[in-house]
Amino acid sequence: MSLPVVDEKFIYLSSKGLFRAKFKNFFRSLIHKNVISILKFLVGIIIVALFGGGIFYLSLKVFSYLSTVVDIGVLLADKATALVFLAFAIMLFISNAIVATSTLFRSQETRFLLTTPLSYSQVFISRFLDNLFFSSWATIVVTIPVVVAYCLAFDVQLIYLFPTVIFAIIAFIVLPAYLGTLVAMGVYLLIGKVGKGK
């Protein structure tokens, strides 16, 4: 008995509809009429704004001081920024590896998506994007104020570097997420083989 053939166009439309539904649910949650939900959203926005503003203020103070240090000020600022971003990259890698375990292997949504006509790669991309958002949004809130403060302190024209900065931030977020997801998948497969061996 042959298996039914699923039209590729239908799969593409299903995948497109999946991402459209995710965006609709996200924006619908933002404009929810429930007063409690609106208050939670506003409080969250205020906390994120205060946190980002505090990071910007502290970064601007540090970089402004380093800009006054003769000869080695720029070098110290570059080294400090590199260390900060290295720490963020390690945290992104660890958080993505941990979150990927639940979003890929322990999620009811993943099990449901596997029963739809979507291909495995489309299901993986959908869950990977969810994992990327959940693990990386806080890093974006931190990195953007640091970059802006650095440009202001050292008189760097951010408008000319904007495309490069955007590309660098995207790569900085996606690469640790990808590596963390690979590690999570490898560990899960290894645990599965060990369990079968016993």
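Here goes a summary of the coordinates provided.

We now examine the packing of aromatic side chains. For the structure on display, the rule yields eight aromatic pairs. Taking the centre distance of 4.9 Å and the plane angle of 40 degrees together, the rings of Tyr 150 and Phe 154 count as tilted. For the pair Tyr 150 and Phe 154, a shared accessibility class is recorded, and that class is buried. Through a chain of ring-to-ring contacts, three or more aromatic side chains come together here, namely Phe 63, Tyr 150 and Phe 154.

Attention now moves to the nonpolar core. Of all hydrophobic cores here, the largest spans 22 residues; its most connected members are Phe 63, Ala 77, Phe 154 and Phe 172. Among the elements of the structure, α2 (35-68), α3 (73-105), α5 (120-153) and α6 (158-197) are those that each provide at least two residues to this core. In terms of residues, this core owes the most to one element, α5, which gives nine residues. Discounting chain neighbours no more than four positions away, the residues touching Phe 172 are Phe 85, Phe 88, Ala 89, Leu 92, Thr 139 and Thr 143.

A word on the packing of α2 against α5. Relative orientation of the contacting elements α2 and α5 amounts to 35 degrees, with a least axis distance of 8 Å. Taken as a pair, α2 and α5 cross one another with a handedness that is right-handed. Two secondary-structure elements touch here, α2 through Val 48, Phe 51, Gly 52, Ile 55, Phe 56, Ser 59, Leu 60, Phe 63, Ser 64 and Ser 67 and α5 through Trp 137, Val 141, Val 142, Pro 145, Val 146, Val 148, Ala 149, Tyr 150, Leu 152 and Ala 153. Split into classes, the residues belonging to the contact of α2 with α5 amount to 16 nonpolar, four polar and no charged.

Taking 1.5 Å of rise per residue, the 34 residues of α5 would be expected to cover 50 Å, and the 47 Å separating its terminal C-alpha atoms lies within 8% of that figure. Considering bend angle alone, the principal kink of α5 is centred on Ser 136 and spans about 50 degrees. Looking one or two places after α5, you find Asp 155, whose phi comes out positive at around 55 degrees.

Right, let's get into the pattern of salt bridges. As enumerated under the stated definition, the model contains two salt bridges in all. For the salt bridge of Glu 109 with Arg 127, the shortest nitrogen-to-oxygen distance reads 3.1 Å. Highlighted residues: Glu 109 in helix α4 (residues 108-114) and Arg 127 in helix α5, separated in sequence by 18 residues. For Arg 127, a relative accessible area of 5% puts it in the buried group.

Here we come to α2. Its 34 residues give α2 an end-to-end C-alpha distance of 49 Å, which sits within 8% of 50 Å, the value for a rise of 1.5 Å per residue. Every buried residue belonging to α2 is among Gly 52, Ser 59, Phe 63 and Leu 66, and all of these are buried. Packing partners of the buried residues in α2 comprise α3 and α5.

Cut-off values and rules
- Residues numbered from 1 in each chain as written.
- Predicted model: local features only at pLDDT ≥ 70, side-chain atom pairs only at ≥ 80, totals over all residues.
- Heavy atoms only, no water.
- Phe/Tyr/Trp six-rings, centres within 6.5 Å; stacked < 30°, edge-to-face > 60°.
- Buried < 20%, exposed > 50% of the residue type's maximum accessible area, 1.4 Å probe, protein only.
- Core = buried A, V, L, I, M, F, W, Y, C linked by side-chain atoms within 4.5 Å.
- Helix = DSSP H or I, 4+ residues; strand = E, 2+ residues; numbered from the N terminus.
- Contact = heavy atoms within 4.5 Å.
- Axes fitted to C-alpha atoms, helices over the stretch in contact; angles between N-to-C directions.
- Left-handed = near helix turned anticlockwise from the far one by under 90°.
- Nonpolar A, V, L, I, M, F, W, Y, C, P; charged D, E, K, R; others polar.
- Expected span 1.5 Å × (residues − 1).
- Bend = angle between axes of the 7 residues up to and from the residue.
- Salt bridge = Lys/Arg side-chain N within 4 Å of Asp/Glu carboxyl O.

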